[in-house]
Amino acid sequence: MNNYKEFRPVDFAADVDFIRWIRSPESYPDNTRFWSQWLESNPEKEADVLEAEKLVALFGYPDDVAAHRATLWDRIDTSLEASEATGKQIKMAEKAFNWNALVRYAAVFIIVLTVGAFWYLNKNERPLATMAAKATVYQNINENPKTILLEDGTSVILYQKTRLKIHPEFNVNERKVEVEGKAYFEVLRDEQRPFFVMAQGVTTRVLGTSFW
Amino acid sequence: MEEKAIWEGIRKGDKSALKKIYDQFFSALYTYGLKITQSSADTEDAIHELFLDIWKYREGLSDTTSIRFYLYRSLRRKLYKSHTLSEKILRPDVLLDEVQEHSVETKLVEEEEKRQLSARLQEQLDTLSERQKETLLMRFYGELSYKEIAEIMEINEQSARNLVTRGLEYLRKTMKTWFLLMIFYLAN
């Protein structure tokens with residue numbers, strides 16, 4: 001129970017029981033009885049209660065609220081009946097809708113398949129272009145030399161702790177590799193695609209020979 | 001009828017239980033919506049949708065939810081879906097015009113006083129912050145607890161309490177001025 005004796009007008013006005021007493025005394029008879037008795041035994045609070053009443057009275061209903069209540073219920077009732085009556089039709093419509101959905105999914109599936117096929121064919125035609133971006137790196141961590149055959153026919157012997165990086169577009173217009181360490185190249189001659197070796201920041205052009 | 005019994009009735013497909021809720025809460029829901037949107041049509045649309053939803057999803061209703069809380073939370077969501085806060089325009093003039101249009105001489109002075117008060121209230125509410133305004137409306141029309149208001153507005157309980165009290169203090173201060181203005185207005 002609230003300590004109503006300490007209440008200011010705004011506290012009364014904000015109290016739900018007080019609001020109910022002012023606004024709908026008939027709907028809450030127990031509450032109404034309580035407030036009548038309370039006011040009788042606390043007459044000094046009458047002025048505050050009156051002020052609180054005015055505040056509550058600010059929050060009234062518009063005059064035409066009853067008319068709106070009636071017309072909107074008719075509208076709701078009509079919608080409810082309509083939705084019940086068309087319940088079966090809606091279910092059938094849902095089935096038809098599913099067929100439409102199936103056709104749509106099929107269309108998407110075909111598109112994906114077509115795009116996929118194009119991509120796959122292009123990949124085979126231009127393998128290096130599509131493989132792109134990633135350089136192949138060979139590294140010899142063993143003590144024994146390791147021989148590597150590059151895709152253009154060049155063979156490379158990598159000695160201990162040597163790293164060989166193949167340019168991503170190796171063998172497209174040119175052949176570019178990077179060496180860190182010691183390696184022996186036997187370059188296959190191809191004047192259309194010159195062979196470049198980068199080592200310690202220096203690039204060397206090779207046509208077709210073997211070198212260290 | 002008790003809340004649980006009403007929910008139960010609706011779940012079982014008893015349309016009279018739905019009507020009972022509607023009759024009990026319409027006036028407050030409608031006024032609450034009207035004061036937020038200032039549009040009777042938007043408010044009616046939202047309430048229409050709200051009651052159709054209750055009926056449509058009646059099997060999933062849980063009787064642990066307070067009806068009030070459920071109604072105000074759902075109505076608020078619907079109102080804000082069609083009425084974003086930033087789009088709202090203050091239209092106290094429109095309300096005042098309506099008031100004057102209705103005030104034919106046959107109306108009692110008392111009635112006139114009520115209308116004036118309601119128009120002034122709307123004016124004053126619009127000078128409050130959105131949150132202050134909404135908490136007041138939820139308290140006075142929704143008769144919701146501070147805990148429920150806090151949950152709906154995603155603030156803490158103490159803030160909800162403070163917003164209501166401060167809003168009322170502001171209204172109380174300005175109210176005294178209105179009465180003077182109104183006496184002046186009516187005297188003319």
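Source: prediction; values computed, not measured.

Student: Could you give an account of the overall build of chain B, with specific residues and numbers?
Tutor: Across its full length, chain B holds nine helices and zero strands. Going from N to C terminus, chain B has its helices and strands arranged as α-α-α-α-α-α-α-α-α. The buried share among the 188 residues of chain B stands at 49%. Looking at chain B alone, contacts between residues at least 24 apart form 70% of all its contacts between residues at least 6 apart.

Student: Kindly report on the overall build of chain A, identifying the contributing residues and their values.
Tutor: Helix and strand counts for chain A stand at seven helices and nine strands. Residues classed as buried in chain A amount to 29% of the 212 residues present. Restricting the contact set of chain A to residue pairs at least 6 apart, pairs at least 24 apart contribute 39%. Of the roughly 14,300 Å² of accessible surface on chain A, 56% is carried by carbon and sulfur atoms.

Student: Now, about the sheet that holds strand 4 (residues 162-166) of chain A: what can you tell me, with residues and values included?
Tutor: Residues and elements named next belong to chain A. Read across the open sheet, the five strands follow the order 1-4-5-7-8; overall the sheet is mixed. Since the sheet does not close on itself, it has two edges, and those belong to strand 1 (136-140) and strand 8 (202-206), each with one partner. Each adjacent strand pair in this sheet contributes to an overall mean axis angle of 20 degrees, direction not counted. With four bridges joining them, strand 4 and strand 5 (residues 175-180) adopt antiparallel strand pairing. The residue bridging arginine 163 from the neighbouring strand is glutamate 180, located in strand 5.

Student: Give a detailed account of the packing of aromatic side chains, specifying residues and quantitative values.
Tutor: Residue and element names in this part refer to chain A. Under the criterion given, the structure shown has 25 aromatic pairs over all chains. Taking 5.7 Å as the distance between ring centres and 70 degrees as the angle between the ring planes, the aromatic pair formed by phenylalanine 18 and tryptophan 21 counts as edge-to-face. Of this pair, phenylalanine 18 and tryptophan 21 are both found in helix 2 (residues 16-23), three residues apart, which corresponds to roughly one turn of the helix. When sorted by exposure, phenylalanine 18 lands in the same class as tryptophan 21, which is buried. Each ring, one from phenylalanine 34 and one from tryptophan 35, has its centre 5.4 Å from the other, and the planes form 80 degrees; the classification is edge-to-face. In this structure phenylalanine 34 comes out as partly exposed when scored by relative accessible area, which is 28%.

Student: Mind laying out the confidence of the model for chain B, listing which residues take part and the relevant values?
Tutor: Residue and element names in this part refer to chain B. Overall, the prediction assigns chain B a mean pLDDT of 80, with 74% of residues at 70 or greater. By mean pLDDT, helix 5 (residues 92-102) is the weakest element of chain B at 37, and helix 8 (residues 146-153) is the strongest at 94. Ignoring residues within four places in sequence, the model shows residues 85-107, a span with pLDDT below 50, making 26 contacts including any to other chains.

Cut-offs applied
Residues numbered from 1 in each chain as written. Chains lettered and ligands numbered in written order. Predicted model: local features only at pLDDT ≥ 70, side-chain atom pairs only at ≥ 80, totals over all residues. Heavy atoms only, no water. Helix = DSSP H or I, 4+ residues; strand = E, 2+ residues; numbered from the N terminus. Buried < 20%, exposed > 50% of the residue type's maximum accessible area, 1.4 Å probe, protein only. Contact = heavy atoms within 4.5 Å. Areas by Shrake-Rupley, 256 points an atom, 1.4 Å probe, with all protein chains shown as cover. Pairing = 2+ DSSP bridges. Axes fitted to C-alpha atoms, helices over the stretch in contact; angles between N-to-C directions. Phe/Tyr/Trp six-rings, centres within 6.5 Å; stacked < 30°, edge-to-face > 60°. pLDDT = per-residue confidence, 0-100.

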